[in-house]
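# Secondary and tertiary structure notes
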Amino acid sequence: RGLLKFWGHVQSEVHHFEERVRVLLEPPDLPFTEKRKERFKWGLCTLIYLLGVLWRLDYLFNLHPAYGFMYSDMQGFVTAAENYLDPNWTPNIGDTLQPPGMGLYLAFLLNLDGSWKLALGAQWILSSLVPVLVALLGYELFGARVAMLGLVLASLHFPFVDYASYFLTENPFLFLLL
């Protein structure tokens, strides 16, 4: 008898959850012109986002490829990645100056491809997903208008594009932070 009562409670909770999901996913009942306005706004935001993705692609692979600008901290991460893949390499105290995460990430990608193209591609993908994550966060916290604004601003924000063109921790960190 207690099991049947528990099962009824579980079914009630599942039904309640399904109803909440349906309400969240179902568009509001707006007049036809309002629906068209909303669709147009989202379409415009999507177009701006896609232009931002293409801008990132061109910037990372043509205008400012990371493997052409390896110096300072970036050189340290690249050297660490190459060292991790060298079977004759012996770690020393100097290797503790930088955290190993970015070097291991680059070593993993370099090991798969043998060139830096895959690492650039991974940077491009992470950078392209940042505006989507900003929009999702804005939608979850504040609603559709903030999501649209976040998507547009993050798509066009130059530092988010530029971070991806260096083998530094900023781009993966930004992606993981969101």
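Residues numbered from 1 in each chain as written. Predicted model: local features only at pLDDT ≥ 70, side-chain atom pairs only at ≥ 80, totals over all residues. Heavy atoms only, no water.

## A closer look at a nonpolar patch on the surface
Stated formally: Each patch is built from residues that are more than 30% exposed by relative accessible area and take part in no salt bridge. Like charges join if they lie within 9 Å; nonpolar side chains (Val, Leu, Ile, Met, Phe, Trp, Tyr) join within 5 Å. All accessible-area figures derive from a Shrake-Rupley calculation using a 1.4 Å probe, and residue coverage is judged against the displayed protein chains alone. Any carboxyl oxygen of Asp or Glu that lies within 4 Å of a side-chain nitrogen of Lys or Arg is treated as forming a salt bridge with it. Helix and strand assignments come from DSSP, with helices taken as H or I runs of at least 4 residues and strands as E runs of at least 2, each series counted from the N terminus. Summary of the burial criterion: residues with accessible area below 20% of their type's maximum are buried, those above 50% are exposed, and those between are partly exposed, where the area comes from a 1.4 Å probe applied to protein chains only.
A surface patch of nonpolar side chains, about 580 Å² in accessible area, is lined by Phe-40, Leu-44, Leu-47, Leu-51, Leu-54 and Leu-57. For Phe-40, the location among the structural elements is in helix α2 (residues 32–63). With a relative accessible area of 58%, Phe-40 lands in the exposed category.

## Things to note about the pattern of salt bridges
All told, the structure shown has 1 salt bridge when counted by the stated rule. Ionic pairing is found between Glu-38 and Lys-41, a salt bridge with its closest N-O pair at 3.8 Å. Of this pair, Glu-38 and Lys-41 both sit in helix α2, 3 residues apart, which is roughly one turn of the helix. Residue Glu-38 is classed as partly exposed on the basis of its relative accessible area of 28%.

## Digging into the nonpolar core
Selection rule: Here the nonpolar core consists of buried residues drawn from Ala, Val, Leu, Ile, Met, Phe, Trp, Tyr and Cys, with membership extended through side-chain atoms lying within 4.5 Å.
Judged by nonpolar contacts, the single largest core of 16 residues is most densely connected at Leu-106, Trp-116, Ala-119 and Phe-167. At the level of secondary structure, the elements contributing two or more residues to this core comprise α3 (72–85), α4 (100–113) and α5 (117–142). Among the elements that take part in this core, α4 stands out by supplying 5 residues, more than any other. Counting 8 residues, the second largest nonpolar core, distinct from the first, contains Ala-135, Ala-147, Met-148 and Leu-151.

## With respect to unusual backbone geometry
Even without being glycine, Ser-72 reaches a positive phi, approximately 55 degrees. On the secondary structure map, Ser-72 appears in helix α3. Take Ser-72: its relative accessible area is 58%, and that puts it in the exposed class.

## A short note on the packing of aromatic side chains
Each aromatic ring pair is summarised here by two numbers: the centre-to-centre distance and the angle between the ring planes. Selection criterion: Think of it this way: a Phe, Tyr or Trp ring, Trp meaning its six-membered ring, pairs with another when their centres are within 6.5 Å, and the plane angle makes it stacked under 30 degrees, edge-to-face over 60, tilted otherwise.
In this structure the tally under the stated criterion is 5 aromatic pairs. The rings of Trp-55, Tyr-59 and Phe-158 are connected pair by pair, giving a single aromatic cluster.

## Quick notes on α3
How we decide: Expected span of a helix, by definition, is 1.5 Å for each gap between consecutive residues, and there is one gap fewer than residues. Two residues qualify as a contact provided that any one of their heavy atoms is within 4.5 Å of a heavy atom in the partner residue.
For α3, spanning 14 residues, the distance from its first C-alpha to its last is 21 Å, which sits close to the expected 20 Å at 1.5 Å a residue. Turning to α3, its buried residues are Met-74, Phe-77, Val-78, Ala-80, Ala-81 and Asn-83. Where α3 is buried, its residues meet α4.

## Points about helix α6 (residues 144–156)
Counting along an α-helix, one turn takes 3.6 residues, and residues three or four places apart therefore face a common direction. The end-to-end C-alpha separation of α6 is 19 Å, in line with the 18 Å expected for 13 residues at 1.5 Å each. All of the buried residues in α6 are Ala-147, Met-148, Gly-150, Leu-151, Val-152, Ala-154 and Ser-155.

## Brief notes about the packing of α4 against α5
As a reminder, the rule being used: Lines fitted to the C-alpha atoms define the axes, with helices restricted to the stretch that makes contact. Angles between their N-to-C directions range from 0 to 180 degrees. Every angle not falling under 35 degrees, over 145, or within 65 to 115 is termed oblique; those three ranges are roughly parallel, roughly antiparallel and roughly perpendicular. Any residue that is not Ala, Val, Leu, Ile, Met, Phe, Trp, Tyr, Cys, Pro, Asp, Glu, Lys or Arg is counted as polar, Gly included; the first ten are nonpolar and the last four charged.
In contact at an axis separation of 8 Å, α4 and α5 are set at 125 degrees when each is read in the N-to-C sense. If you check the angle between α4 and α5, you find them oblique. Counted together, Tyr-105, Leu-106, Leu-109, Leu-112 and Asp-113 of α4 and Lys-117, Leu-118, Ala-119, Ala-122, Gln-123 and Leu-126 of α5 form the full contact between these two elements. The residue makeup of the contact of α4 with α5, split by class, is 8 nonpolar, 1 polar and 2 charged.

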